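Okay, here's what each chain looks like letter by letter:
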Amino acid sequence: MLARTRARLAGARVVTLFGETTGETCRRVAAELLVHADEDPAAPITLLVDSPGGDVFAGMIVHDVMQAIPAPVRTVALGIAASMGQFLVTSGTPGLRLAMPHTRMLIHQPLSGLQGVAEDIAIQSEQHILTRRILFEAQARHIGRPVAEIAADSDRDRWFTAEQAVAYGLVDAVAGSWRDYLPEPVARPGSGGQ
């Protein structure tokens with residue numbers, strides 16, 4: 001059943017990011033985006049996201065691929081899109097970023113997890129500040145708000161309903177039906193098209 005579902009989604013140019021943003025999940029998502037873009041550089045690809053976030057560097061693999069490919073990427077937040085999950089939804093093609101009605105989205109500053117000897121902590125701290133700046137600058141570009149505002153709003157956990165996410169600029173609209181986020185009906189074998 002799972003293999004058949006994945007095949008149907010792939011045929012409809014739908015990629016899923018369900019769960020944490022790990023190296024494994026993000027490499028898979030990036031590879032699927034690249035394959036779809038290579039097959040048809042002009043046709044939209046839909047990225048469905050239900051993710052609490054996770055590894056920032058893994059998520060940046062997907063972000064960079066989304067920005068590099070010529071195909072528009074429609075992003076749809078389902079359930080929860082927090083942290084890097086939110087960042088990836090917001091990184092979709094402007095006008096094609098959606099949230100399902102009961103989705104919750106979260107922005108916050110990246111977690112540091114600093115540990116080790118003092119010298120290593122100093123190096124990690126520099127990298128954390130750089131990563132934070134890169135993320136906030138990218139967020140500002142995708143949302144259309146000043147970097148300082150994004151940084152201030154991300155200082156602590158800030159939750160959004162789907163409607164609040166639209167008002168803030170995290171997404172462009174609340175999806176009303178499945179037709180809003182699937183590229184077009186999938187032709188079934190023997191159905192003569194749509």
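As the structure is a computational prediction, the values presented were derived from the model and not from experiment.

What counts and how
- Residues numbered from 1 in each chain as written.
- Predicted model: local features only at pLDDT ≥ 70, side-chain atom pairs only at ≥ 80, totals over all residues.
- Heavy atoms only, no water.
- Buried < 20%, exposed > 50% of the residue type's maximum accessible area, 1.4 Å probe, protein only.
- Helix = DSSP H or I, 4+ residues; strand = E, 2+ residues; numbered from the N terminus.
- Right-handed = clockwise from strand over helix to strand, strands pointing away.
- Pairing = 2+ DSSP bridges.
- Expected span 1.5 Å × (residues − 1).
- Arc of directions from axis to C-beta.
- Contact = heavy atoms within 4.5 Å.
- Polar contact = N/O pair within 3.5 Å; in protein donor to acceptor, adjacent residues only side chain to side chain.
- 1 Å grid on protein atoms, 1.4 Å probe; cavity = no way out; pocket = protein on both sides within 12 Å on 5 of 7 lines; lining within 4 Å.
- Points joined across faces, edges and corners; volume = space filled by probe spheres on them.
- Nonpolar A, V, L, I, M, F, W, Y, C, P; charged D, E, K, R; others polar.
- Core = buried A, V, L, I, M, F, W, Y, C linked by side-chain atoms within 4.5 Å.

Draft legend 1. Focus on the pairing of strand 2 (residues 45–51). With 6 of 7 residues buried, strand 2 is to be regarded as a mostly interior element. Handedness of the β-α-β unit built from strand 1 (residues 14–18), helix 2 (residues 23–39) and strand 2 comes out right-handed. In the sheet, strand 2 pairs with strand 3 (residues 73–82) via 6 bridges, with the strands oriented parallel. Within strand 3, the position partnered with serine 51 by the bridge is alanine 81. Between the parallel pair strand 2 and strand 3, the chain is carried across by helix 3 (residues 56–68), and the sense of this crossover is right-handed.

Draft legend 2. Quick look at helix 2. Along its 17 residues, helix 2 runs 24 Å from first to last C-alpha, staying within 8% of the 24 Å computed at 1.5 Å per residue. Considered for burial, the residues of helix 2 that qualify are Gly23, Thr25, Cys26, Val29, Ala30, Leu33, His36 and Ala37. Angularly, the buried residues of helix 2 cover 170° about the axis, an arc narrow enough to put them on a single face. Along helix 2, exposed side chains directed more than 90 degrees from the buried face belong to Glu24, Arg27, Asp38 and Glu39.

Draft legend 3. Spotlight on the side chain of histidine 63. As for its placement among the helices and strands, histidine 63 is situated in helix 3. The exposure class of histidine 63 is buried, given its relative accessible area of 5%. Beyond its immediate chain neighbours, meaning those up to four positions away, histidine 63 contacts Phe87, Leu88, Ser91, Ala138 and His142.

Draft legend 4. Representation of helix 3. Along its 13 residues, helix 3 runs 18 Å from first to last C-alpha, staying within 8% of the 18 Å computed at 1.5 Å per residue. If you check which residues of helix 3 are buried, you get Val56, Ala58, Gly59, Met60, Val62, His63, Val65 and Met66. Its side-chain oxygen at 2.8 Å from the backbone nitrogen of phenylalanine 57, aspartate 55 defines the N-terminal cap of helix 3.

Draft legend 5. How the structure looks around the layout of surface pockets. Here the second largest pocket is characterised by a volume of approximately 220 Å³. Surrounding the second largest pocket, 13 residues form its lining, Arg6, Leu9, Thr16, Arg28 and Glu32 being those nearest its centre. Mapped by element, the contributors of at least two residues to the lining of the second largest pocket are helix 1 (2–11), strand 1 and helix 2. Examining the composition of the lining of the second largest pocket, we find that 5 residues originate from one element, helix 1, more than from any other. Classifying every residue of the lining of the second largest pocket by side-chain character gives 7 nonpolar, 3 polar and 3 charged.

Draft legend 6. Region of the structure containing the nonpolar core. If you look at the biggest cluster of nonpolar residues, it comprises 41 residues, and the most contacted ones within it are Leu33, Leu47, Val62, Met105 and Leu170. The leading source of residues in this core is helix 3, at 6 residues. Those residues in contact with leucine 33 that lie beyond four places of it in its chain are Val15, Ile45, Val62, Val65, Met66 and Ile69. With 8 residues, the next largest nonpolar core counts Ala12, Leu48, Val76 and Leu78 among its residues.

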